[in-house]
Amino acid sequence: MKNNGLILLFLLGATHVWSQDFDYKTTVEPISSTGFQRIELSAEILGKLNYSHGDMRLYSSDGEVVPYILQQEKATATYSLFKEYTVIDRKNYADSLSVFVFENPERNKINNFSLSVQNTDVRKRARLSGSNDQKNWYVIKNDYLLHSLSSSNDLSEMKILNFPLSDYAFFKLEIDDSESLPINIQKIGFYDYESVSGKMSQFDVPVISQKDSGRISYIHLSNTEKMYTEKLEFFVSGADYYQRYATLLEKKTRFTKRKKEETYFESIGSFNLNSNSTNIINLHRIEFTDLYLKIDNKDDQPLHIDSVSGIFLNHYLVADLEAGKSYTLKFGNDKISRPQYDLVNFTKKIPKQLLVVQCSSITSLKSKDTKKTTPGIFENAYTIWIVLGFVGLILGYVSFKMIKEIGDKREE
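A brief structural summary. Computed from a prediction, not measured in an experiment: that's the story for all the values here.

Cut-offs used in this document
- Residues numbered from 1 in each chain as written.
- Predicted model: local features only at pLDDT ≥ 70, side-chain atom pairs only at ≥ 80, totals over all residues.
- Heavy atoms only, no water.
- 1 Å grid on protein atoms, 1.4 Å probe; cavity = no way out; pocket = protein on both sides within 12 Å on 5 of 7 lines; lining within 4 Å.
- Points joined across faces, edges and corners; volume = space filled by probe spheres on them.
- Helix = DSSP H or I, 4+ residues; strand = E, 2+ residues; numbered from the N terminus.
- Nonpolar A, V, L, I, M, F, W, Y, C, P; charged D, E, K, R; others polar.
- Buried < 20%, exposed > 50% of the residue type's maximum accessible area, 1.4 Å probe, protein only.
- Polar contact = N/O pair within 3.5 Å; in protein donor to acceptor, adjacent residues only side chain to side chain.
- Contact = heavy atoms within 4.5 Å.
- Pairing = 2+ DSSP bridges.
- Phe/Tyr/Trp six-rings, centres within 6.5 Å; stacked < 30°, edge-to-face > 60°.
- Lys NZ or Arg CZ within 6 Å of the ring centre and 35° of its normal.
- Axes fitted to C-alpha atoms, helices over the stretch in contact; angles between N-to-C directions.

Section: the layout of surface pockets
Of the voids in this model, the second largest pocket is the one considered here, and its volume is about 770 Å³. What lines the second largest pocket is a set of 22 residues, and nearest its centre among them are Arg-38, Gln-71, Glu-73, Tyr-79 and Lys-352. Where the lining of the second largest pocket is concerned, the elements lending two or more residues are strand E5 (69–72), strand E6 (76–84) and strand E14 (185–197). Here the residues of the lining of the second largest pocket are counted per class, giving 9 nonpolar, 7 polar and 6 charged.

Now the structure itself:
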């Protein structure tokens, strides 16, 4: 029975080892400080991952698996910024009024502003007026009711006051204090929204050849290894003014009904090459080695593709790293799924501003003796099914033996 158990453990262990094999590895550059950091993933690394980008494991120099989360830059991120107005006059008249005069120096057209008020439980009336010389004042809104001036989370509350669109150089807010002491207005301003483009990386895509045949030009693009990209930008010469329809193709193979292998070209996108714009095709995401560009010249002379760039939003692996330790990233395994770490539930506790570290060159972990012309034992689908069937028979036999031995012991 012990032998049966050993066989079972061996089979299960072998299955686990096979599933954890990786094709590549790279080392992370030296860590100078302890804490969460972003490990930037290059086009070469991303090009070797499975579709979920989850076939990666990060190991410390101690051999421990380091939890991580994946992040990707957003194409555009919008941030709200509070910008203060300059308060040029502030007065409190006892048992009467609080007066605030603030400046709108660029005469912007505005229809609201915000007050930051120290928490208070009071209701007050207010009036807003405007002026261009601080001498002649004109009413904008005569009767505000200021209330709900407290926050349960902060020491102050932000109150937005809306009014008809105005472009006065100066605004005056008068608050009625006849029934209670003044409220503490800390600042007056407005929220401005700023859009920031996400950080991107790019790399050169070699132009191998261009063949002009009749009215069509065919351009062959090829990397030495599979690369990841989301856009391709083409730099063109040959005419000052042009607009040509272009199609991007990828060479693929398939088997016919007679089980003969044939090559075909599949379109992965089309766009117009235009002298009035940047010649960029959006691809969402692809991993490629070879691509072909087909340009319809019609009756014009062929264009010349001078160079091509691959462009993608930066991807990061975010992990808590320790200074002085070295880290290795292993990746590349179509059979493995994305790991499930507790860290994914605590993303809000990770600082937004993080140091970015790079990876070294990639090392292949594949056997150097493996020849492409000689498929391995597990590359043939029939062989895999035979092995799985054999393993199933062994497991069934082991299970039968174990049950039989247990039954014999009970009879004894």
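Following the structure, the description resumes.
Regarding the side chain of Ser-166
Position of Ser-166 relative to the elements: it lies in strand E12 (residues 156–166). Taking the relative accessible area as the measure of exposure, Ser-166 reaches 9% and is therefore buried. Side-chain polar atoms of Ser-166 contact the backbone oxygen of Pro-164, separated by 2.9 Å. The contacts of Ser-166, once residues within four sequence positions are left out, are Asn-108, Lys-109, Ile-110, Ile-140 and Phe-171.

Focus: the pairing of strand E2 (residues 35–41)
Among the 7 residues that make up E2, 6 are buried, leaving the element largely enclosed by the rest of the structure. Sheet analysis places E2 next to strand E22 (residues 315–321), joined by 7 bridges and oriented antiparallel. When the bridges of E22 are listed, Phe-36 appears paired with Asp-320. Summarising the sheet, E2 and strand E24 (residues 355–357) pair through 3 bridges and their orientation is parallel. Across the sheet, the residue bridging to Ile-39 is Val-357, located in E24.

Things to note about the environment of Gln-118
Within the fold, Gln-118 resides in strand E9 (residues 110–118). Judged by relative accessible area, which is 28%, Gln-118 ranks as partly exposed. For the pair formed by Gln-118 and Leu-155, sequence separation is 37 residues and the distance between their alpha carbons is 6.3 Å. Apart from residues lying up to four places away in sequence, Gln-118 is in contact with Leu-149, Leu-155, Ser-156, Asn-184 and Gln-186.

Points about the environment of Lys-226
Mapping Lys-226 onto the fold places it in strand E17 (residues 216–237). On the basis of relative accessible area, Lys-226 is assigned to the partly exposed category, the value being 40%. Distance from Lys-226 to Ala-43, taken between C-alpha atoms, is 8.5 Å for residues 183 residues apart in sequence. In this view, Lys-226 contacts Ala-43, Glu-44, Gly-47, Lys-48, Glu-287, Phe-288 and Thr-289; residues no more than four positions away in its chain are not counted.

Regarding the environment of Ile-208
Locating Ile-208 in the fold gives a position in strand E16 (residues 207–213). Taking C-alpha positions, Ile-208 is 9.2 Å from Asn-223, a pair spaced 15 residues apart along the chain. Not counting the four nearest positions on each side in its chain, Ile-208 is found in contact with His-220, Leu-221 and Ser-222.

Describing the pairing of E9
Both E9 and E12 contribute to a ladder of 8 bridges, which runs antiparallel. Paired with Ser-114 across the bridge in E12 is Ile-160. Inspection of the sheet shows E9 paired to E14 by 4 bridges, in the antiparallel sense. The partner of Ser-114 across the bridge, within E14, is Gly-189.

Quick notes on the packing of aromatic side chains
Applying the stated criterion to the full structure yields 15 aromatic pairs. On the numbers, 5.6 Å between centres and 15° between planes, the contact of Phe-102 with Phe-171 is stacked. Here the residue Phe-102 occupies a position in strand E8 (residues 97–103), and Phe-171 occupies one in strand E13 (residues 170–176), the gap between them amounting to 69 residues. Under the relative-accessibility criterion, Phe-102 is labelled buried at 0%. Geometrically, the ring pair formed by Tyr-168 and Phe-171 is edge-to-face, given 6.2 Å between the ring centres and 85° between the ring planes. Of the aromatic side chains, those joined through ring pairs into one cluster are Tyr-85, Phe-102, Phe-113, Tyr-138, Phe-163, Tyr-168, Phe-171 and Phe-190. The ring of Tyr-264 has Arg-254 sitting right over it, with the charged end atom 4.0 Å from the ring centre.

So, the sheet that holds strand E11 (residues 138–146)
With respect to topology, 5 strands assemble into an open sheet ordered E7-E8-E13-E10-E11, the strand pairing being antiparallel. In the strand order of this sheet, the two ends are held by strand E7 (87–93) and E11, each with one partner. On average, adjacent strands in this sheet sit at an angle of 15° to one another, irrespective of strand direction. Taken together, the 6 bridges between E7 and E8 define a ladder with antiparallel strand orientation. Across the sheet, residue Lys-91 finds its bridge partner in E8, namely Val-99.

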